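Remarks on the overall topology
Residues per chain, in single letters:
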Amino acid sequence: MPDAKKDSAKAISSNLSDIEGRMLVLEIVAMTSLAMVLDTSDPENAKIGRGVLYLIREAVEKKCEEMNLSEEATDTAQVYVEELLQTAMHSLFPEKH
């Protein structure tokens with residue numbers, strides 16, 4: 001393979017690694033923040049938690065529209081936000097088997 005193609009492939013791989021690393025950090029920050037906000041140990045926190053869930057879902061929907069994302073990208077974003085929210089909820093309230 002010519003050096004230019006090797007360099008290009010290496011740059012792409014490096015960029016994907018950067019994206020993966022950043023996504024990991026963002027997911028951890030999101031999960032920690034959500035777990036703290038969604039702590040429903042008292043009724044007032046439960047009300048705030050429900051509001052935050054609504055705002056997050058609404059923000060994802062609006063941002064997808066604002067960025068004029070394709071239907072496939074919008075679906076992916078909406079599925080991903082639900083996965084994050086479910087994971088946060090399961091970390092707070094693990095299922096007992």
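What you are looking at is a predicted structure, and each value in this text was computed from that prediction instead of being measured.

**What to know about the packing of helix α2 (residues 43-66) against helix α3 (residues 71-92)**
At their nearest, the axes of α2 and α3 sit 10 Å apart, and the two run at 165° to each other. One way to sum up the angle between α2 and α3 is to call them roughly antiparallel. Viewed along their axes, α2 and α3 form a crossing whose handedness is right-handed. Facing α2, whose interface residues are L53, I56, R57, V60, E61 and C64, α3 presents T74, A77, Q78, V81, E82 and L85. A class-by-class count of the residues in the contact of α2 with α3 yields seven nonpolar, two polar and three charged.

**Digging into the nonpolar core**
Formed by M31, L34, L38, L53, V81, L84, L85 and A88, the largest nonpolar core amounts to eight residues. Contributing elements (two or more residues each) for this core: α1 (3-37) and α3. For this core, the element with the highest residue contribution is α3, accounting for four residues.

**Digging into a nonpolar patch on the surface**
The grouping of L16, I19, M23 and L26 at the surface amounts to a nonpolar patch, some 390 Å² of accessible area in total. Within the fold, M23 resides in helix α1.

**Brief notes about the environment of L38**
Along the chain, L38 falls in the loop between α1 and α2. On a C-alpha basis, the gap between L38 and I48 in space is 7.6 Å, while along the polypeptide they are ten residues apart. Setting aside residues no more than four positions away along its own chain, L38 makes contact with G49, L53, A88, M89 and L92.

**So, unusual backbone geometry**
The phi angle at N68 is positive, at roughly 55°, despite the residue not being glycine. Looking at where N68 falls in the secondary structure, it is placed in the loop between α2 and α3. Exposure remark for N68: the relative accessible area of 67% places this residue in the exposed category.

**As for the pattern of salt bridges**
Under the definition given, this model contains two salt bridges. R57 is the partner of E82 in a salt bridge, and the nearest nitrogen-oxygen pair spans 2.6 Å. Of this pair, E82 sits in helix α3 while R57 is found in helix α2, placing the two residues 25 residues apart along the sequence. A salt bridge links K63 to E66; the nearest nitrogen and oxygen atoms lie 3.0 Å apart. With K63 and E66 both in helix α2 and three residues apart, the pair spans about one turn of that helix. The exposure class assigned to E66 is exposed, which follows from its relative accessible area of 59%.

Definitions and limits used
Residues numbered from 1 in each chain as written. Predicted model: local features only at pLDDT ≥ 70, side-chain atom pairs only at ≥ 80, totals over all residues. Heavy atoms only, no water. Axes fitted to C-alpha atoms, helices over the stretch in contact; angles between N-to-C directions. Helix = DSSP H or I, 4+ residues; strand = E, 2+ residues; numbered from the N terminus. Parallel < 35°, antiparallel > 145°, perpendicular 65-115°, else oblique. Left-handed = near helix turned anticlockwise from the far one by under 90°. Contact = heavy atoms within 4.5 Å. Nonpolar A, V, L, I, M, F, W, Y, C, P; charged D, E, K, R; others polar. Core = buried A, V, L, I, M, F, W, Y, C linked by side-chain atoms within 4.5 Å. Buried < 20%, exposed > 50% of the residue type's maximum accessible area, 1.4 Å probe, protein only. Patch = residues over 30% accessible without salt bridge, like charges linked within 9 Å, V, L, I, M, F, W, Y side chains within 5 Å. Areas by Shrake-Rupley, 256 points an atom, 1.4 Å probe, with all protein chains shown as cover. Salt bridge = Lys/Arg side-chain N within 4 Å of Asp/Glu carboxyl O.

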